[in-house]
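Each chain is listed here by its residues.
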Amino acid sequence: MKFPAFDYARPAGLDAALDLLAGEAAVLSGGQSLSPMMGFRVARPEKLVDISRLSALRGAALEPDGTLVIGAAVTHAMIEDGALPGPLGGFLARVAGGIAYRAIRNRGTIGGSLCQADPAADWPCVMSLLDAVLVLRRAGGERQVPVRAFLLGHLMTAIEPGELLTVIRIPPQPGARFGMAKSTRKLGEFAEGIAAACLTPGAARVTLGALEVPPATLAVDPALVTGPQPARLTSSPLYAAVDAALKAADATDPAGYRHHLAVLTGCRALIEAAQP
Amino acid sequence: MTDIAITINGTAWEGTVEPRLSLADLIRGELTLTGTHLGCEHGVCGACNVEVDGVPMRSCLMPAAAADGCAITTIEGQYGEMAERLRAAFTTHHALQCGFCTSGMMATALDILRRGLGRDEATIRRELAGNICRCTGYQGIVAAILHVAQETTP
Amino acid sequence: MDSHHDSNLSNSSQVGQPFTRLEDRRHLAGQGGFVADLRLPGIRDVAFLRSSMAHARLGPIAVPADAPAGAVWTAEAFHGLVKPIRAVLDRPAYRPSDQPVMAEGTVRHVGEIVAAVLADNRALAEDLAERLEPAYDPLPAITDPEQALLPESAPLHPGWADNVYMTMGRTTGDFDAMVARADVHVTRHLRMERVAAMPLETRGCVARFDRGSGVLTLWIATQRPHLIRTMLAEQLTGIEERDIRVIAPDVGGGFGGKSNLYPEEILLAAMAMRLPHPVRWIEDRWEHMVSASHSRQHVQTITAHATKEGELLAVDVRFLVDGGAYAMRTSTPAVEANMASSVLPGPYKFQAYRFEATTVATNKTPVGPFRGVGRPAAVFAMERIMEETAAAIGMDPVEFRLRNMIQPEEHPFTTISGLVYDSGDYPSLLTKAAQSIRAPGKGDAPANIAIGIGFGCYTEQTAHGAQEWHRRGSPFVYGFEAARVRIDPSGGVLVSTGIQSHGQGLETSLAQIAGDVLGVSYDRVRVVHGDTELCPYGMGTVASRSLVMAGGAVEGACQRLAAKIRRIAAHNLDCAADDVLLAGGEAQGPGGSIPLDAVARIAYLELQKLPLDVEPALDILYCYRPPVETGAYSSGVHAAKVAVDLDSGHVKILDFVVAEDCGRVINPLIVDGQIAGGVAQGIGQALLEEFQYDDQGQPTKVTLADYLVPGAPELVNVRIIHQETLSPFTVHGAKGLGEGGAIGPPAAVANAVSDALRQFGVDVRRVPIRPEDLWEALRP
Ligand SMILES: Cc1cc2nc3c(=O)[nH]c(=O)nc-3n(C[C@H](O)[C@H](O)[C@H](O)COP(=O)(O)OP(=O)(O)OC[C@H]3O[C@@H](n4cnc5c(N)ncnc54)[C@H](O)[C@@H]3O)c2cc1C
Ligand code: FES
Ligand code: FES
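In this text the structure is predicted, and so the values were computed from the model without any measurement.

**A word on the packing of helix 2 (residues 81–92) of chain B against helix 3 (residues 102–114) of chain B**
Residue and element names in this part refer to chain B.
Next up, step 1: Two numbers describe how helix 2 lies on helix 3: the axes approach to 10 Å, and their chain directions differ by 125 degrees. Taken together, helix 2 and helix 3 sit at an angle that is classed as oblique. Crossing geometry of helix 2 relative to helix 3 is assigned as right-handed. Residue-level inspection shows Met-82, Ala-83, Leu-86, Arg-87 and Phe-90 of helix 2 in contact with helix 3, the latter providing Thr-102, Met-105, Met-106, Ala-109, Leu-110 and Leu-113.

Encoded structure:
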């Protein structure tokens, strides 16, 4: 299992990278998704532009209004180790620490993960919850796309040839508390059920991933979340509410296990968010 | 073809590589450091873990060209005090059988110890999740890491 | 490691000591030498084009016009050079199927070799291989063993009337009478899915033909170099066995998966013989998933007939095994069902037994041996039904088992299926395991968690000799193991054996045995294995036999060598040979001693000091054939404690206890390691591992991200309790143990989950246990 032949370039700056991308090249970030696909020869880019060391994409900052800006080439491990400033840093560090394995996190990037758009992946789910906005640049242009418009389905995004995801912008989430739940058969493997939840005074929402469609964000009555829960979640009013909301979103086979896992992890994420 | 310059186990190396050559195949091939193994070539097993600029990475998923300018340490170059303690502990706790996973395990184990995560069994097990050992059931490996962590923390 | 031993060996003995392994140093330094590590000048790589179809007629293969001459090798290229593989079993009911070395006319499973491509490196070979265009004309695929038995499933092999490799059955005892006497009759339909040994190192082969000497050398990641050599000589034309050298270098795990004769090895050999340079094929993980042997895949129906007082009277079982597309050599697919039916009684005695064992062909990867062969499936069936029968009569499952176990004083005991057990104390193992796992109680669990405890009891035939292999109809009647022990003129000890060590630590265990007899420390002994040119003939490392058989051979060779050393020393010390003791690296007489190296020097280079009637040199070959050939039976009880998440259906192992008896323990460190490793594989089989196919016969799990093997977080420290009941039939009283660890877990875990869910009327019918199945069963 060897990679098919390709050309490789590692431009020194962002503009050079955008110029190269304008001419039919693919982006190589951490390569933790692209490389296996090339190994299986299901992806065969002719030219790779390695953006993993572009300093313009490797930083993170908190803007005065509280918007958190993360460079696309920031690795999962950097986030895990606390690279993100501001109130979201702790939650996102925990999310990052739950992705794959440390050796993968040392190379895999948040931008790569969003562009890969695996429905079971962590960042697409969490960034959908946070209403992140993605900055896509091309030679001579830039557009901003909300992540929910960016993620189109299984391994499908709204990115156009020649575009590079440079920055992820997360609006401030005042007073929010977060929770995350995953269900895997084996630790570190892609989730069979994944959910991230956000609780603000007066509102609760949960984003469910690992569906056939892009992550689905559902609003839930916060009163159901904050009250005491029965030991068997499946018989709780919360479960019934998330179940009903997911059924209404028409994203799953409502009788199937995947549907149930989505609802269950959704409830668990919400309950975690409600923990003091 | 791409020119690269790396440091391999402390020694500078320069050469020309085909872009599609993985770091693992460079290490095992031209550099003849066959202590790094390939168990899956798709990122799951961890047999190919090597240290790149001080942290473990999957050498099977990384084009050698992308390692240009990096310092790479393989099992053959792991000779710090911690590595030596780990070697001794791997033997005493029977942390290897066929030895195929061993070099990748050592890379991960060293990283666990350096990050101060070797103090309890549950954490060690979680951090080992990215390295498959088909022979030992991991218990000797877990014990060896725990042992070194206890030895080296006051 | 959490383990305790009841051993009464003296401290001066090396046998029984937890010595650290001699093989560790090279691996820890990155200096192991696996087949892929070999560097030979001029070597070129082979990639195989493998069938993407489960069943199809294979037409011509279109080769791109720019393909270099000699790069693409199709079946015609091998005409007259190789013969199809035929795995035979000397049983009238068995029907062999020829396994083509390269497909011609028909492909019968995804992954079957269609063409070989040779290039300067593997990447280039893959580039060309993917551009070849074979013409496939699809045929209906058989993807399930029950489907294979349907009349509308056309026979897969020419000349076959149906798809059955073998079916056999027998009734022993007065079955009908026992059924009539029984108060309860408990039946379960069970499935054990398809898994594979999945060593971390894939397969691989390097072949070089030396035109000058006419010697063909193959380096193969195999468990049995000598046997592969014998078979290669049969498969290849134009070369004799004498001129073939097979070397198994360091092998990265085998577990049975590397014990078969594979087409790739034959093809590489045939190619090397026609090429002026060496050739190499290193399997990738996808290839491994579709073309290295798979195992298990049972459909079972089992019924227990018992009295309400808890006496097991009769068992009725039907095994149906999916053998895959071809019969692999040597074990054949039939070994799985046949073995399961003969070992089913395990540690229990009952009055009547009826079984049927059927193995069928399907369009899936061929089935071969994997740690435990037949036993994990037999124990799964038997222990599930023991558990359910106990529940049906309202008896504690441990008490029910104890009531029906063979008692220690009944040995040698002949089971209802005809096996002769040598020794063992099963009730004591079960009692210890039960006490240990039950001691802390089930604990307080939150209401969404159900906790259960389950057992899997087994006996394991190990180190069986010629009589047993012959009884099974094996075309090769294995039954001995050889060791050559040499002491060089400087006193160093070199042991070479025909077995192969790929993780079992035999370089250490055998050194301990040799060290004891020769009175030297084990680390002065070098054990060489895996090279047909350097080592005496042997069967290789399969069937939990290596330590017992090779240990017997090393012991015998060393005893003979020791006698010779005593005579030489006595001659020079002026005492009687019987008064010479070998210890501390010396030959010690009553009035003085001679260092071993001095004795060695006499034997080789100072012949003036050698008695005339003693043959010079210290070099002995000894073949061990056990006096009793029915094998030594290890036994064990596995006990699992699990937590089932009632909301998600996920199962977590909380505790795992193994009480086991493998006779004399040569090296406890290694023994515990073998057990823990086997248990990990067994837990994988209980909870995670399975191949699946769609109805076109396409495998859906072909990466390690889909075929899940357990990682460290999915496992717990196995708590091991040793009991040493020495075998009267083996040299050290040792019994084999390589497989035991993998035998009990599917049963123990399935029983634990069933115990946890009994309150909901749910019991496990299938391994691996899938969360979705439990969730489905638990739904209101
Ligand atoms: C064994 C294993 C387990 C894993 N488990 C998980 C898991 O549990 N959860 C999880 O979320 N992920 C998991 N992953 C995936 C991992 O997180 C990857 O790092 C991530 O999906 C991709 O990031 P990358 O930087 O490696 O991207 P790459 O592999 O480099 O790129 C992925 C795709 O995105 C494109 N791309 C990358 N960056 C940009 C950019 N800035 N602009 C435009 N296009 C771009 C590439 O062209 C490519 O198509 C796992 C991976 C492996 C191998
Ligand atoms: S070989 Fe790199 S992870 Fe398996
Ligand atoms: S020792 Fe064999 S895979 Fe770990």
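After that view of the structure, there is still more to cover.
**Quick look at the confidence of the model for chain B**
Next up, step 1: Confidence along chain B averages 97 in pLDDT terms, with 99% of residues attaining 70 or more.
Next up, step 2: Among the prediction metrics, the complex's ipTM stands at 0.98, with pTM recorded as 0.96.

**Re the sheet that holds strand 32 (residues 766–767) of chain C**
All names here are of chain C.
Next up, step 1: Taking strand neighbours across the sheet as the criterion, the six strands line up as 10-18-17-16-11-32 in an open arrangement whose pairing is mixed. Only two strands of the sheet have a single partner each, and these edge strands are strand 10 (164–172) and strand 32.
Next up, step 2: Bridging between strand 17 (residues 312–322) and strand 18 (residues 352–360) involves nine bridges; their strand directions are parallel. Residue pairing in the sheet places Asp-322 in a bridge with Val-360 of strand 18.

**Observations concerning the interface of chain A and chain C**
Next up, step 1: Contacts between the two partners involve 22 residues from chain A and, on the opposite side, 30 residues from chain C.
Next up, step 2: Of the roughly 2,200 Å² buried between chain A and chain C, counting both surfaces, carbon and sulfur atoms make up 51%.
Next up, step 3: In this structure, the connection of chain A to chain C is made through six salt bridges.
Next up, step 4: Across the salt bridge formed by Asp-647 of chain C and Arg-232 of chain A, the nearest N and O atoms sit 3.1 Å from each other.
Next up, step 5: Counting across the interface, chain A meets chain C through 18 residue pairs in polar contact (both at pLDDT 80 or more).
Next up, step 6: Broken down by element, the side of chain A that touches chain C gets its largest block of residues, five residues, from helix 11 (residues 257–274) of chain A.

**A look at the layout of surface pockets**
Next up, step 1: Estimated volume of the second largest pocket: approximately 1,400 Å³.
Next up, step 2: In terms of lining residues, the second largest pocket is bounded by 49 residues, among which Thr-184 and Leu-187 of chain A together with Lys-652, Pro-713 and Glu-714 of chain C are the most central.
Next up, step 3: Among the elements of the structure, helix 4 (89–97), helix 5 (102–105), strand 11 (177–183) and helix 11 of chain A, helix 4 (121–127) of chain B together with strand 29 (632–645), strand 30 (651–661) and helix 16 (668–687) of chain C are those that each provide at least two residues to the lining of the second largest pocket.
Next up, step 4: In terms of residue count, helix 4 of chain B provides more of the lining of the second largest pocket than any other element does, five residues in total.
Next up, step 5: Among the residues making up the lining of the second largest pocket, the classes are represented as 20 nonpolar, 10 polar and 19 charged.

**A few points about the environment of Leu-199 of chain A**
Residue and element names in this part refer to chain A.
Next up, step 1: Take Leu-199: it is sitting in strand 12 (residues 193–200).
Next up, step 2: A relative accessible area of 7% places Leu-199 in the buried class.
Next up, step 3: Counting along the chain gives 20 residues from Leu-199 to Gly-179, while the straight-line C-alpha distance between them is 8.5 Å.
Next up, step 4: Setting aside chain neighbours within four positions, we find Leu-199 in contact with Gly-175, Ala-176, Arg-177, Ala-204, Pro-222, Val-225, Thr-226, Ala-273 and Ala-274.

Calculation notes
- Residues numbered from 1 in each chain as written.
- Chains lettered and ligands numbered in written order.
- Predicted model: local features only at pLDDT ≥ 70, side-chain atom pairs only at ≥ 80, totals over all residues.
- Heavy atoms only, no water.
- Axes fitted to C-alpha atoms, helices over the stretch in contact; angles between N-to-C directions.
- Helix = DSSP H or I, 4+ residues; strand = E, 2+ residues; numbered from the N terminus.
- Parallel < 35°, antiparallel > 145°, perpendicular 65-115°, else oblique.
- Left-handed = near helix turned anticlockwise from the far one by under 90°.
- Contact = heavy atoms within 4.5 Å.
- pLDDT = per-residue confidence, 0-100.
- Pairing = 2+ DSSP bridges.
- Buried area = accessible area lost by both parts, 1.4 Å probe.
- Salt bridge = Lys/Arg side-chain N within 4 Å of Asp/Glu carboxyl O.
- Polar contact = N/O pair within 3.5 Å; in protein donor to acceptor, adjacent residues only side chain to side chain.
- 1 Å grid on protein atoms, 1.4 Å probe; cavity = no way out; pocket = protein on both sides within 12 Å on 5 of 7 lines; lining within 4 Å.
- Points joined across faces, edges and corners; volume = space filled by probe spheres on them.
- Nonpolar A, V, L, I, M, F, W, Y, C, P; charged D, E, K, R; others polar.
- Buried < 20%, exposed > 50% of the residue type's maximum accessible area, 1.4 Å probe, protein only.

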